[in-house]
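Below, each chain spelled out in residue letters.
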Amino acid sequence: MTAKRLTAKGEATRRRIVEAAARLMYEHGVTEATLEAVRAAAGVSGSQIYHYFADKQALLLAVIDHQTEAVLDLQAPHLGRLDTISELRAWRDMLVENQKRLQCRGGCPIGSIGGQVAETNLEARLAVASGYLRWEEAIRAGLSTMHRRGDLAGNPGDLALALLTALQGGLLMVQIQRDVRPLEVALDTVLDRIGSLSSGPAAREERSAGGPVAEGGQ
């Protein structure tokens, strides 16, 4: 983030640079997204890039923030209400449909950067970890609400972590196999476990109907 306040035009220019860098890093990797490539993609001068970012590291951190916001914004309609098994499954369906829309390409915008920087760039790794933590906390909030109502046994934090881990692994497998099945299986396995620990009306209805919760085994 820049320290000084920007004009509306400045904000727009900075956003264009970050979006261009994010697109290049997502499609071609962090290394290939040189400042010259970003300059050309954003349609700005080199001096404009350096006006907003001291170096590529600063731009990379801005991209991580941008991708985190994009991921959370996409899921926002669901993340704010993951407090029933039916809402959790609706969120799962949205994630699967989004991968179908993307033709199973690209993987997770946060994870794709994380895998590239984890062993070489401490600051960027911690920024990615912070993005994951925000995501995990959003999932945990809904599960914690279920737990407080008495609708969910088990540890909401552990279940949220398991869900996010299943999601990340599933997204990687989707990218490699070009098939949404790994994501469906990974999420359904954890959701079935959550359903088996849930005593809410939707979970009871699933069990009585012999739906996904019953199939998960109890």
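Scope of this entry: the structure provided in the associated data block.

Rules used in this analysis
- Residues numbered from 1 in each chain as written.
- Predicted model: local features only at pLDDT ≥ 70, side-chain atom pairs only at ≥ 80, totals over all residues.
- Heavy atoms only, no water.
- Buried < 20%, exposed > 50% of the residue type's maximum accessible area, 1.4 Å probe, protein only.
- Helix = DSSP H or I, 4+ residues; strand = E, 2+ residues; numbered from the N terminus.
- Contact = heavy atoms within 4.5 Å.
- Core = buried A, V, L, I, M, F, W, Y, C linked by side-chain atoms within 4.5 Å.
- Expected span 1.5 Å × (residues − 1).
- Axes fitted to C-alpha atoms, helices over the stretch in contact; angles between N-to-C directions.
- Parallel < 35°, antiparallel > 145°, perpendicular 65-115°, else oblique.
- Nonpolar A, V, L, I, M, F, W, Y, C, P; charged D, E, K, R; others polar.
- 1 Å grid on protein atoms, 1.4 Å probe; cavity = no way out; pocket = protein on both sides within 12 Å on 5 of 7 lines; lining within 4 Å.
- Points joined across faces, edges and corners; volume = space filled by probe spheres on them.

## Structural notes on helix 6 (residues 109-117)
Of all the residues in helix 6, the buried ones are I110, S112, I113, G114 and V117. Looking at the buried residues of helix 6, the elements they touch are helix 1 (8-28), helix 4 (56-79) and helix 7 (122-149).

## Comments concerning the nonpolar core
Membership of the largest hydrophobic core comes to 60 residues, with the highest contact counts inside it found for W91, W135, I139 and I194. If you tally residues by element for this core, the top one is helix 4, at 9 residues. Setting aside anything within four residues of it in sequence, one finds W91 in contact with Q75, H78, L79, L82, W135, I139, L163 and L167.

## Quick word on helix 7
Given a rise of 1.5 Å per residue, 28 residues ought to cover 40 Å, and the 40 Å separating the end C-alpha atoms of helix 7 matches this to within 8%. Within helix 7, burial applies to A124, A127, V128, G131, W135, E136, I139, G142, L143, S144 and M146. In this fold, the buried residues of helix 7 make contact with helix 4, helix 5 (85-101), helix 6, helix 8 (156-177) and helix 9 (181-196). Looking one or two places after helix 7, you find G150, whose phi comes out positive at around 85°.

## Remarks on the packing of helix 5 against helix 7
At a minimum axis distance of 10 Å, the contact between helix 5 and helix 7 shows a crossing angle of 155°. Judged by the inter-axis angle, helix 5 sits roughly antiparallel to helix 7. Contact residues: I85, L88 and W91 in helix 5; W135, I139, L143 and M146 in helix 7. The class makeup of the residues in the contact of helix 5 with helix 7 is 7 nonpolar, no polar and no charged.

## As for the layout of surface pockets
The rolling of a water-molecule-sized probe over the atoms marks out the regions of remaining empty space. Considering only enclosed or pocket space, the largest pocket measures out at about 370 Å³ in volume. Secondary-structure elements contributing two or more residues to the lining of the largest pocket are helix 1, helix 4, helix 5 and helix 8. With 6 residues, helix 4 is the single largest residue contributor to the lining of the largest pocket.

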